[in-house]
Amino acid sequence: MGTVLDPKRSAISRLLHSLLSSKSTVAVLAVLLFLFSTLDFWQWIRSLVAIIKVARMPRKRSIFDVSEIKSRVMPTDLDWLLHMNNSKYLRDLDFGRVDFWGGNGAYEKIRQFKWYFVLGAMSIRYRRELNL
C-alpha cells in the first residue's frame, strides 16, 4: 500500500516527517544537540571553515594590507551585562591571525621549517562595547 500524501501538508512538513521517522536521524540530531549545548561547537565549525578558506585563498596579500573577518555576537557570547564577553574578542582575534598569516603566505613558510606560532602575551584596549 503506497503512502498517501496529504495536499494540506507542506513540503517542509513532509520532509521533516520523513527525516524524523528514521532512528539514525534522531540519533544524529541527539548527538548534535548534545555537542551544541555542552561545547562551543560553533567555534570548531568556524575554525574548520577558516582553515579551508585560508587553504583556498590566493597568497597575494602583503603584510601591510588590511585583513578583515566577519563575526556575529551570539547570545552565548554575552556576559551578564549583555556585553560581548572578553574571551569572544580574543577568539575573534585568533581567527583574524589565521586569516592574516594564511593570506600572505607566511603560514606555509613557517610550516616548512616545522615551526609553530606561539602567542606569548596579549594586551587589548576596548574602544566601544558590542551589544546583542
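In this text, all values refer to a predicted model and were calculated from it rather than measured experimentally.

Here is what the cut-offs are and how they apply
Per chain, residue numbering runs from 1 following the sequence as it is written. Only residues with pLDDT of at least 70 get local features here, since the model is predicted, and only at 80 or more are side-chain atom pairs given and counted; chain-wide, interface and lining totals rely on the full set of residues. Side-chain numbers come from the whole structure's heavy atoms, not from hydrogens or water. Between Lys or Arg on one side and Asp or Glu on the other, a salt bridge is scored when a side-chain nitrogen of the former is within 4 Å of a carboxyl oxygen of the latter. Helix and strand labels come from DSSP, where a helix needs a run of H or I of at least four residues and a strand needs a run of E of at least two; each type is numbered from the N terminus. Partly exposed describes any residue whose relative accessible area lies between the buried limit of under 20% and the exposed limit of over 50%, with all areas from a 1.4 Å probe on protein chains only and scaled to the type maximum. Any Phe, Tyr or Trp ring, taking Trp's six-membered ring, that has another such ring centre within 6.5 Å forms a pair; planes under 30 degrees apart are called stacked, those over 60 apart edge-to-face, and the others tilted. When checking whether two residues touch, look at their non-hydrogen atoms; a contact exists if any pair is within 4.5 Å. Multiply 1.5 Å by the residue count of a helix minus one, and that product is the helix's expected span. Read the arc as the range of directions from the helix axis to the C-beta atoms. N or O atoms within 3.5 Å of each other form a polar contact, as long as, within protein, one can give a hydrogen and the other can take it, and as long as residues adjacent in sequence are counted only when both atoms are side-chain atoms. pLDDT expresses how confident the predictor is about each individual residue, on a scale running from 0 to 100.

## Notes on the pattern of salt bridges
When charged atoms on two side chains of opposite charge get close, those side chains can pair.
Part 1: Applying the stated criterion across every chain yields a total of 5 salt bridges.
Part 2: Between D92 and K88 there is a salt bridge, with the nearest N and O atoms lying 3.4 Å from each other. Here K88 and D92 lie together in helix α4 (residues 86–103), a separation of 4 residues that amounts to about one turn.
Part 3: By relative accessible area, K88 is classed as buried at 6%.

## A short note on the packing of aromatic side chains
Part 1: Per the counting criterion, the structure on display carries 5 aromatic pairs.
Part 2: Judged by centre distance (5.0 Å) and plane angle (75 degrees), the ring pair of F100 and W101 falls under edge-to-face.
Part 3: For W101, a relative accessible area of 30% translates into the label partly exposed.
Part 4: Both rings, one in Y107 and one in F117, keep their centres 5.9 Å apart while their planes meet at 10 degrees; by these two values the pair is stacked.

## Re the side chain of D77
Part 1: For D77, the position within the fold is in the loop between α3 (41–56) and α4.
Part 2: In this structure, D77 is in contact with R72, H83, M84, N85, K88 and R91, ignoring residues within four places of it in sequence.

## Notes on α4
Part 1: Spanning 18 residues, α4 covers 26 Å between terminal C-alpha atoms, matching the ideal 26 Å at 1.5 Å per step.
Part 2: Buried residues of α4: K88, Y89, R91, D92, F95, G96, D99, G102 and G103, and no others. Projected onto a plane normal to the axis of α4, the buried residues spread over an arc of 165 degrees and lie on a single side.
Part 3: Next to the buried residues of α4 lie α3 and α5 (106–112).
Part 4: Where α4 begins, one side-chain oxygen reaches toward the backbone nitrogen of S87, 3.2 Å away; that side chain belongs to N85.
Part 5: Positive phi shows up at G105, right after α4, with a value of about 85 degrees.

## Here's the deal with the confidence of the model for the protein
Note that predicted coordinates carrying low pLDDT should not be read in detail.
Part 1: Counting all residues, the mean pLDDT for the protein is 79, and 88% of those residues have values of 70 or more.
Part 2: Mean pLDDT across the elements of the protein bottoms out in helix α1 (residues 11–20) (70) and peaks in α4 (85).

## Remarks on unusual backbone geometry
Part 1: A positive phi angle, close to 65 degrees, is found at L82, a residue other than glycine.
Part 2: Locating L82 in the fold gives a position in the loop between α3 and α4.
Part 3: For L82, a relative accessible area of 52% puts it in the exposed group.
Part 4: Its identity as a non-glycine residue notwithstanding, K114 has a phi of 60 degrees, on the positive side.
Part 5: With respect to the helices, strands and loops of the structure, K114 is situated in the segment after α5.
Part 6: On the basis of relative accessible area, K114 is assigned to the exposed category, the value being 67%.

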